[in-house]
Amino acid sequence: MNGRTLHQLLARLFPLARSITGPGVRETLRQLQAIAPLEIKAVPSGAQVLDWEVPEEWHFRNAWIADNTGKRIIDAANTNLHVVNFSTAVDKHLSLQELKPHLHSLPDRPEAIPYRTSYYERQWAFCLAHQTVLALENGDFGNGPFHVHIDTEHLRGELNWGELVIPGKSSDEILVSTHVCHPSLANDNLSGLVLAAALAAERLQQKNPHTWRFLFVPGTIGAISWLAANQATMPNIVGGLVLTGLGDDSPFTWKDTRQGDAWIDRIVMQVLREQQPGQHSRLPFGPYGYDERQYASPGFKLPVGRLTRAVHGTFPEYHTSDDNLDFVTPECLEESLNLLKSIATLIDTDGFYQNLAPYGEPQLGQRGLYGKIGAQRDPGQMQMAMLWMLNQSDGFNSLLDIAEKSAVNSETLHHAACMLEQHKLLKRT
């Protein structure tokens, strides 16, 4: 997939009314199955999952506010952000004074519609542009009463997530997780969904040294439900990434694992140094954010970090209608996918090597591995890569160790290692 096809997929998913449960999640997962063969899994409403209880399904049909002539002031048919996610049903005529406690807006962004949820407290409310609130207060829509209508149901059903396991040569697993619950928000987190699906499709075409597990889960409760059902899997997970906010043009940001110096921390930071020198950032782990905090809870301590571009809560479009299809671009989606592929490549190629001719430097020239003119000022990156691999391959330094020490691109080091293996100068241990 390229940036254009990723953006087209994102646009198809954009209008679906997703929540933590219900048909919007299932339809999103079904559409992602066209890219990667996800298995849609379920846990019933009311099930106890660790310290939580799985909520009922939320079925949303429509929501609107109309003036006393029946003209609709706001209509969720235009954007599902207009209704607070998980709202209960209501059909009433209210005065403006009675209505105002049920309205959410952003005075500092008067044209934007906020995204709000009420998953675990039964209530109803609307989100709207603050300029519309001001128009209501100014009497531009009459003096009421206002007809408020939300057509929703809370039903016993199930919570769903998508999962794809791609077996590798080893049972050691790489976990890739992304949240599937947000409605019409393009960067947070449709970008994560389409990129995780595209990476899964790419991994299906490879001979993978590691097993890869892809999760498309409703935020918090979905990750907790998966953890509750898969505790036997935990020892196999050697590294993981939570993907979100990867479609805008901000620099890449890696949020550390709970450990801070785990293998996956080093892998991601090495690729960022190679591909985005001076144009990336790193955040320390903290117990707030996305589902990395569930995977890193003290009972599991999984080495899972988070890859993003713009960091949640720090960009003005966050959780508003301005996080739309124009905020993410095909070019940035493609750049993010290429970065993820490079991370996967280093995960695949990292390993330990043993120099089979460790006494002195081997004669590379007679093997056709070194330039014919000696004492060159710059023997070239590939020749330097071979020298670094030979010097450091004592069975205790991995390819990643050598990349960190040498400042030679990890992909070049891998190519050098392959050439040296062919000439029986190195052996992967």
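Residues numbered from 1 in each chain as written. Predicted model: local features only at pLDDT ≥ 70, side-chain atom pairs only at ≥ 80, totals over all residues. Heavy atoms only, no water.

A.B. asks: How do you make sense of the sheet that holds strand β18 (residues 394-398) when you look at a structure like this?
C.D. replies: Note: strands within a sheet are paired through backbone hydrogen bonds, in either parallel or antiparallel orientation. The strand order β18-β17-β19 describes an open sheet built from three strands, whose pairing is antiparallel. With partners counted over all chains shown, the strands left at the sheet margins are β18 and β19 (426-428), one partner each. Ignoring which end each strand starts from, the neighbouring axes of this sheet average 35° apart. Packing of helix α12 (residues 410-422) onto the sheet brings it into contact with β17 (352-355) and β19, and relative to β19 it is tilted by some 110°. (Pairing = 2+ DSSP bridges. Helix = DSSP H or I, 4+ residues; strand = E, 2+ residues; numbered from the N terminus. Axes fitted to C-alpha atoms, helices over the stretch in contact; angles between N-to-C directions. Contact = heavy atoms within 4.5 Å.)

A.B. asks: Help me out: how do you make sense of the packing of aromatic side chains in this one?
C.D. replies: Aromatic rings considered in pairs are described by the distance between their centres and by the relative angle of their planes. Under the defined criterion, the tally for this structure stands at ten aromatic pairs. Judged by centre distance (5.6 Å) and plane angle (70°), the ring pair of tryptophan 52 and tyrosine 120 falls under edge-to-face. Here tyrosine 120 lies in the loop between β7 (103-104) and β8 (126-127) and tryptophan 52 lies in strand β3 (residues 52-53), a separation of 68 residues in the sequence. A relative accessible area of 31% means that tryptophan 52 is categorised as partly exposed. Ring plane angle 15° and centroid distance 5.5 Å describe the contact between tryptophan 58 and phenylalanine 60, whose orientation is recorded as stacked. (Phe/Tyr/Trp six-rings, centres within 6.5 Å; stacked < 30°, edge-to-face > 60°. Buried < 20%, exposed > 50% of the residue type's maximum accessible area, 1.4 Å probe, protein only.)

A.B. asks: Teacher, can you tell me more about the pairing of strand β14 (residues 252-255) here?
C.D. replies: The two faces of a sheet get side chains in turn, since along a regular strand they alternate between them. Burial along β14 is two-sided: the face carrying Phe252 and Trp254 and the face carrying Thr253 and Lys255 are both buried. Relative to strand β15 (residues 280-283), β14 runs parallel, the two being bridged by four bridges. Within β15, the residue paired with lysine 255 across the bridge is leucine 283. Sheet analysis places β14 next to strand β16 (residues 304-308), joined by three bridges and oriented antiparallel. Its bridge partner being in β16, lysine 255 is matched across the sheet by arginine 306.

A.B. asks: Please clarify how the environment of isoleucine 174 should be interpreted in this entry.
C.D. replies: In this fold, isoleucine 174 is placed in strand β11 (residues 173-179). In contact with isoleucine 174, not counting residues within four places along its chain, are His210, Thr211, Trp212, Arg213, Val238, Gly239, Leu241, Trp263 and Ile347.

A.B. asks: Help me understand the packing of helix α1 (residues 3-13) against helix α2 (residues 23-32), please; the structure alone is not making it clear to me.
C.D. replies: Angle between the axes and distance between the axes are the two parameters that describe a pair of packed helices. At a minimum axis separation of 11 Å, α1 and α2 run at an interaxial angle of 155°. When the axis of α1 is compared with that of α2, the two are roughly antiparallel. In the packing of α1 onto α2, the handedness of the crossing is right-handed. Contact residues: Leu9, Arg12 and Leu13 in α1; Thr28, Gln31 and Leu32 in α2. A class-by-class count of the residues in the contact of α1 with α2 yields three nonpolar, two polar and one charged. (Parallel < 35°, antiparallel > 145°, perpendicular 65-115°, else oblique. Left-handed = near helix turned anticlockwise from the far one by under 90°. Nonpolar A, V, L, I, M, F, W, Y, C, P; charged D, E, K, R; others polar.)

A.B. asks: Explain the environment of alanine 344 here, please?
C.D. replies: Summarising the element assignment, alanine 344 is placed in helix α9 (residues 330-349). With 73 residues separating them in the primary sequence, alanine 344 and valine 271 have C-alpha atoms 9.9 Å apart.

A.B. asks: Sorry, what's going on with the pattern of salt bridges here?
C.D. replies: When their charged atoms lie close together, side chains carrying opposite charge are able to pair. Scanning the entire structure with this criterion turns up 19 salt bridges. When the shortest N-O distance is used, the salt bridge between arginine 30 and glutamate 27 registers 3.3 Å. Here the residue arginine 30 and the residue glutamate 27 both occupy positions in helix α2, the gap between them amounting to three residues, near one helical turn. Exposure remark for arginine 30: the relative accessible area of 43% places this residue in the partly exposed category. For glutamate 27, a relative accessible area of 27% puts it in the partly exposed group. Arginine 203 is the salt-bridge partner of aspartate 348, the closest N and O atoms lying 2.7 Å from each other. A residue pair is termed long-range when its members are at least 10 positions apart, and aspartate 348 in helix α9 and arginine 203 in helix α5 (residues 186-204) qualify at 145 residues. In this pair, the class of aspartate 348 matches that of arginine 203, namely buried. (Salt bridge = Lys/Arg side-chain N within 4 Å of Asp/Glu carboxyl O.)

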